[in-house]
Amino acid sequence: MPSLREMSRDELIALIGVRDERIARQDAQIAVLAGQVAELTAANEVLAAKLAKLEHLLSRNSSNSSSPPSKDDDPGRTPPQGKKRRGDGSPPRSKGKQRGATGSNLAWTEVPDDRQDRFPEGTCECGAGLAGARDLGIVDRYQQHEIPLVAVKVTQYDQHATCCGCGKVHTAARPEGARSGVVGYGPNLQAWAVYLMVVHFVPAHRCRELLESLTGAAPSTGFVHGMLARAAGLLDEVDKRIRTLVTLAYAVCCDETPLRVGSKTPRPGRKKADKYLLVACTELWTHYMLGDRDLATFKAFVVADLTGSVVVHDRYQNYDSAALGTLVHQLCCQHLLRDLDDAGEVYPDAIWPGQIADALRGLIHEANLAREAGHDTIDATVKDKLIYRFSQEFMGLAARP
């Protein structure tokens, strides 16, 4: 190829055209590549956000979210970290009684239910029988707490009829708790069955096995299960009264827990057949309702009647429904503390999650002390100081002491 000095004007113009065309193609390719890089960068940001969200969700457990402890062992989940005592840097608490905690033991009973004198038996080394030995008095005492062996006892009740002098005949009533028929189980056994199933969640068939093993009574599984409906019917008026008393309380704690009861086939439009046990409780009363986690159940629940109370609950959306009326809400402090633990994990270099948590725990502690002392409120000076710390630290305006 000749040098530029040797090329004619037309040849130079042609060469410049080829160069411009090549530069234009390169610019077009660069523009395409730049567009692809921008698309890949945007896609990478989306994937990075999804990954961060997924990692965040997998790090949620019962200590930093509303997730139940039963979910802590799910695949990929981050187990809860051991809690350290605040301020002293000590390791997590060990199981069992803690140092400094109040101990407990079997106390001596001044008036026992039974008293038995025990004397040495057999013969002395000299050959004399100990039955006739001289009593020197009590030298040792021991009290044993024991339960009697329980066995089913069959009692026959013969109801007699009597005739008054006026000629009217009177027949004795059957014992309390007796049902129709000639044979039945007594109220104590029935109450025991309900207690095992309701309080300790013992399945009906295992409850029957326990009753048979411990007492010799062998009711059918159907009879044992049927006691739930019968007991519920007997407590209907009690339930109504408890519901009324709950509505009169200043603060009511509400929650909902899934239960595996009823049909195993989900209703149309639902993924699970689980029911939910809704709870509204105070220090003295607890009202239960079995239903779904939908708005219809919440409207039938006692929470719809709590317009004059402070309703303490989690963030479930139904509590905020306008269909329930105007309620005064308070987020459960345990959920708020979990949120602060979560914030401390997401922002490990920040000090404000610990500041807020310490102030909130201080408020809870002082409220418990005031309650135990019989006071209606926390001491004004202590309350104002703790509320100031909580609010100011929450706004990030106060420095850590």
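Rules used in this analysis
Residues numbered from 1 in each chain as written. Predicted model: local features only at pLDDT ≥ 70, side-chain atom pairs only at ≥ 80, totals over all residues. Heavy atoms only, no water. Helix = DSSP H or I, 4+ residues; strand = E, 2+ residues; numbered from the N terminus. Buried < 20%, exposed > 50% of the residue type's maximum accessible area, 1.4 Å probe, protein only. Contact = heavy atoms within 4.5 Å. Lys, Arg positive; Asp, Glu negative; His and termini not counted. Charge placed at Lys NZ, Arg CZ, Asp CG, Glu CD. Pairing = 2+ DSSP bridges. Axes fitted to C-alpha atoms, helices over the stretch in contact; angles between N-to-C directions. Polar contact = N/O pair within 3.5 Å; in protein donor to acceptor, adjacent residues only side chain to side chain. pLDDT = per-residue confidence, 0-100. Parallel < 35°, antiparallel > 145°, perpendicular 65-115°, else oblique. Left-handed = near helix turned anticlockwise from the far one by under 90°. Patch = residues over 30% accessible without salt bridge, like charges linked within 9 Å, V, L, I, M, F, W, Y side chains within 5 Å. Areas by Shrake-Rupley, 256 points an atom, 1.4 Å probe, with all protein chains shown as cover. Salt bridge = Lys/Arg side-chain N within 4 Å of Asp/Glu carboxyl O. Expected span 1.5 Å × (residues − 1).

Counting its secondary structure elements, the protein contains nine helices and seven strands. Considered along the principal axes of its C-alpha atoms, the protein spans approximately 150 × 70 × 55 Å. Per-residue burial for the protein yields a buried fraction of 19% across its 401 residues. By sequence separation, contacts in the protein at least 24 residues apart represent 43% of the contacts at least 6 residues apart. Placing the 49 positive and 50 negative side-chain charges of the protein at their respective mean positions leaves the two points 3 Å apart.

The next point concerns the sheet that holds strand β3 (residues 251-259). Taken together, five strands build an open sheet; the order of strands is β5-β4-β3-β6-β7 and the sheet is mixed. Looking at strand neighbours, the two that pair on one side only are β5 (286-291) and β7 (328-331), the edges of this open sheet. Looking at each pair of strands side by side, their axes are set apart by 25° on average, direction ignored. Bridging between strand β6 (residues 310-313) and β7 involves four bridges; their strand directions are parallel.

This part is about the side chain of His 313. Checked against the element boundaries, His 313 lands in strand β6. Within polar-contact distance, the side chain of His 313 engages the side chain of His 329 at 2.8 Å. Among all residues touching His 313, those that are not within four sequence positions of it are Cys 254, Tyr 319, His 329, Gln 330, Leu 331 and Cys 332.

Here the protein averages 86 in pLDDT, while 93% of its residues score no lower than 70. Per-element confidence in the protein is highest for strand β1 (residues 161-163), whose mean pLDDT is 95, and lowest for helix α9 (residues 380-394), whose mean pLDDT is 79. Low confidence marks residues 397-401, where pLDDT is under 50. Its contacts with residues over four positions away, or in another chain, come to nine contacts.

What follows is about the packing of helix α7 (residues 333-346) against helix α8 (residues 352-372). Remark: α7 packs on α8, axes separated minimally by 8 Å, with the N-to-C direction vectors making an angle of 160°. As summarised for this structure, α7 and α8 are arranged roughly antiparallel, according to the angle between their axes. Here α7 and α8 pass one another in a crossing that is left-handed. Seen from α7, the contacting residues are Cys 333, Leu 336, Leu 337, Leu 340, Ala 343 and Gly 344; seen from α8, they are Trp 352, Pro 353, Ile 356, Ala 357, Leu 360, Arg 361 and Ile 364.

Moving residue by residue along a regular strand, the side chains alternate between the two faces of the sheet. Here six bridges tie strand β4 (residues 275-281) to β5, and the two strands are oriented antiparallel to one another. Bridge pairing in β5 links Cys 281 to Thr 286. What sits between the antiparallel neighbours β4 and β5 is a turn of four residues.

Moving on: a nonpolar patch on the surface. On the surface, a cluster of nonpolar side chains totalling about 660 Å² of accessible area is made up of Val 150, Trp 192, Tyr 195, Val 198, Val 199, Leu 210, Leu 214 and Leu 228. Going through the elements one at a time, α2 (187-199) and α3 (204-215) are the ones with two or more residues in the nonpolar patch. Inspection of the secondary structure puts Val 198 in helix α2.

Within an α-helix, residues lying three or four positions from one another point in the same direction, as the helix has 3.6 residues per turn. When the terminal C-alpha atoms of helix α4 (residues 221-234) are compared, their 21 Å separation across 14 residues agrees well with the 20 Å that a helix rising 1.5 Å per residue should span. Every buried residue belonging to α4 is among Val 224, Met 227 and Ala 231, and all of these are buried. In this fold, the buried residues of α4 make contact with α2 and α3.

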